[in-house]
Amino acid sequence: MLSLDKLRFAQDGFTLSLSGRIARGERVALLGASGSGKSTLLSLIAGFERAEAGRILWAGTDITAAPVAARPVSILFQDGNLFPHLTAFDNVALGLRPDLRLSAEDRDRVADSLSQVGLGDHAGKRPAALSGGQQARVALARMLLRDRPLALLDEPFAALDPGLKTEMLALVRELCAARGLTLLMACHDLRDAERLCDRLWLLEDGAKVLDLGLSGLRDDPPEGLRPWM
């Protein structure tokens, strides 16, 4: 379980303050306008930012002050953070060994991760030779290779066309279910949340204003969610 206990962060006039719990294996969407605190919350959980108060706990262990590398977290950003001079294989391998000194077992794991996202035949290609959807799959394969139980997605497919985005969300849902991953995904689109997640947190001005399940939501949406429908 991921537990956020009275978490607080303030910077440049913006304050994030919230609590919440997410069960192991649950997928939660963070919905809200730009500046509502979605990316800030992911950065706090990942360890890129430090809370000034409150606690972050994973499976009962306090990770609030833990270094980034020691956290049970993998994160996927919007731009994918691929290195243009490296092949798809090497970009994925960075998630396992930043120095790219791979054992035979390491190479098998990288190849398997690429196969899981449907890119087994594209391992030798550089990002410029791949489509936007394929580049997103490379970044996803790298995240999966790190084999961390908590996956954070910061609008990673926002730049894709609607068809590719739907395809990627379906793939992530399938892989999360197969691996039992817990997931938080920042997004602007309720449809994206419904395609991947079980629950939704609506953030406004750094606060969680709604926390509700996504099943049957459109039949009787709460007032605060109607602008996003």
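Residues numbered from 1 in each chain as written. Predicted model: local features only at pLDDT ≥ 70, side-chain atom pairs only at ≥ 80, totals over all residues. Heavy atoms only, no water.

Here's the deal with the overall build of the protein chain
Here comes step 1: The secondary structure content of the protein chain amounts to six helices and ten strands.
Here comes step 2: Here the C-alpha radius of gyration of the protein chain, 18 Å, is about what a compact globule of 229 residues would show, namely 17 Å.
Here comes step 3: Principal axes of the C-alpha set define a box for the protein chain whose edges measure 50 × 40 × 35 Å.
Here comes step 4: Within the span of the protein chain, comprising 229 residues, buried residues form 49% of the whole.
Here comes step 5: Counted over contacts in the protein chain with a minimum sequence separation of 6, partners at least 24 positions apart contribute 66%. (Helix = DSSP H or I, 4+ residues; strand = E, 2+ residues; numbered from the N terminus. Rg over C-alpha atoms; globule rule 2.2 N^0.38 Å. Buried < 20%, exposed > 50% of the residue type's maximum accessible area, 1.4 Å probe, protein only. Contact = heavy atoms within 4.5 Å.)

Some remarks on the nonpolar core
Here comes step 1: The biggest cluster of nonpolar side chains holds 48 residues, and the ones touching the most others in it are Leu140, Leu153, Phe157, Leu183 and Leu200.
Here comes step 2: With sequence-adjacent residues up to four places away left out, Leu153 is seen in contact with Leu42, Leu76, Met143, Val172, Leu183, Leu184, Met185, Ala186 and Leu196.
Here comes step 3: Counting residues in hydrophobic clusters, the runner-up holds 27 residues, among them Phe14, Ile22, Leu41 and Ile56. (Core = buried A, V, L, I, M, F, W, Y, C linked by side-chain atoms within 4.5 Å.)

What about the packing of helix 3 (residues 104–116) against helix 4 (residues 132–145)?
Here comes step 1: Axis separation between helix 3 and helix 4 bottoms out at 9 Å; the angle between their running directions is 130°. It follows from the interaxial angle that helix 3 and helix 4 lie oblique. With respect to the hand of their crossing, helix 3 and helix 4 are arranged in right-handed fashion. Contacts from Arg109, Val110, Ser113 and Leu114 of helix 3 reach helix 4 at Ala141, Leu144 and Leu145.
Here comes step 2: Looking at side-chain class alone, the contact of helix 3 with helix 4 contains five nonpolar, one polar and one charged residues. (Axes fitted to C-alpha atoms, helices over the stretch in contact; angles between N-to-C directions. Parallel < 35°, antiparallel > 145°, perpendicular 65-115°, else oblique. Left-handed = near helix turned anticlockwise from the far one by under 90°. Nonpolar A, V, L, I, M, F, W, Y, C, P; charged D, E, K, R; others polar.)

Quick word on the sheet that holds strand 2 (residues 14–22)
Here comes step 1: Sheet architecture is open: four strands sit in the order 2-1-4-5, paired in antiparallel fashion. Unpaired on one side and paired on the other, strand 2 and strand 5 (61–62) mark the two borders of the sheet.
Here comes step 2: Relative to strand 5, strand 4 (residues 53–58) is paired through two bridges, and the arrangement is antiparallel. Looking at strand 5, one finds that Trp58 is bridged to Thr61.
Here comes step 3: Against the sheet, helix 1 (residues 38–46) makes contact with strand 1 (2–11), strand 2 and strand 4, and its axis sits at roughly 115° relative to strand 1, the strand it touches most. (Pairing = 2+ DSSP bridges.)

A few points about helix 3
Here comes step 1: Spanning 13 residues, helix 3 covers 19 Å between terminal C-alpha atoms, matching the ideal 18 Å at 1.5 Å per step.
Here comes step 2: Among the residues making up helix 3, those that are buried are Asp106, Val110, Ser113 and Leu114. Here the buried residues of helix 3 occupy an arc of 100° about the axis, which is enough to place them on one side. Those residues of helix 3 that are exposed and angled more than 90 degrees off the buried face are Ala104, Glu105 and Asp108.
Here comes step 3: Residues of helix 3 that are buried sit in contact with helix 2 (88–93) and helix 4.
Here comes step 4: Positive backbone phi, approximately 80°, marks Gly118, located one or two places after helix 3. (Expected span 1.5 Å × (residues − 1). Arc of directions from axis to C-beta.)

What to know about the environment of Val92
Here comes step 1: As for its position among the elements, Val92 is in helix 2.
Here comes step 2: Since its relative accessible area comes to 0%, Val92 is described here as buried.
Here comes step 3: Spatially, the C-alpha atom of Val92 lies 8.8 Å from that of Leu82, the residues being ten residues apart in sequence.

Some points on the pairing of strand 1
Here comes step 1: Summarising the sheet, strand 1 and strand 2 pair through eight bridges and their orientation is antiparallel. Looking at strand 2, one finds that Ser3 is bridged to Arg21.
Here comes step 2: Taken together, strand 1 and the strand that follows it, strand 2, pair antiparallel across an intervening segment of two residues, in which Asp12 is found at a positive phi of about 50°.
Here comes step 3: With five bridges joining them, strand 1 and strand 4 adopt antiparallel strand pairing. Of the residues in strand 4, the one forming a bridge with Leu4 is Ile56.

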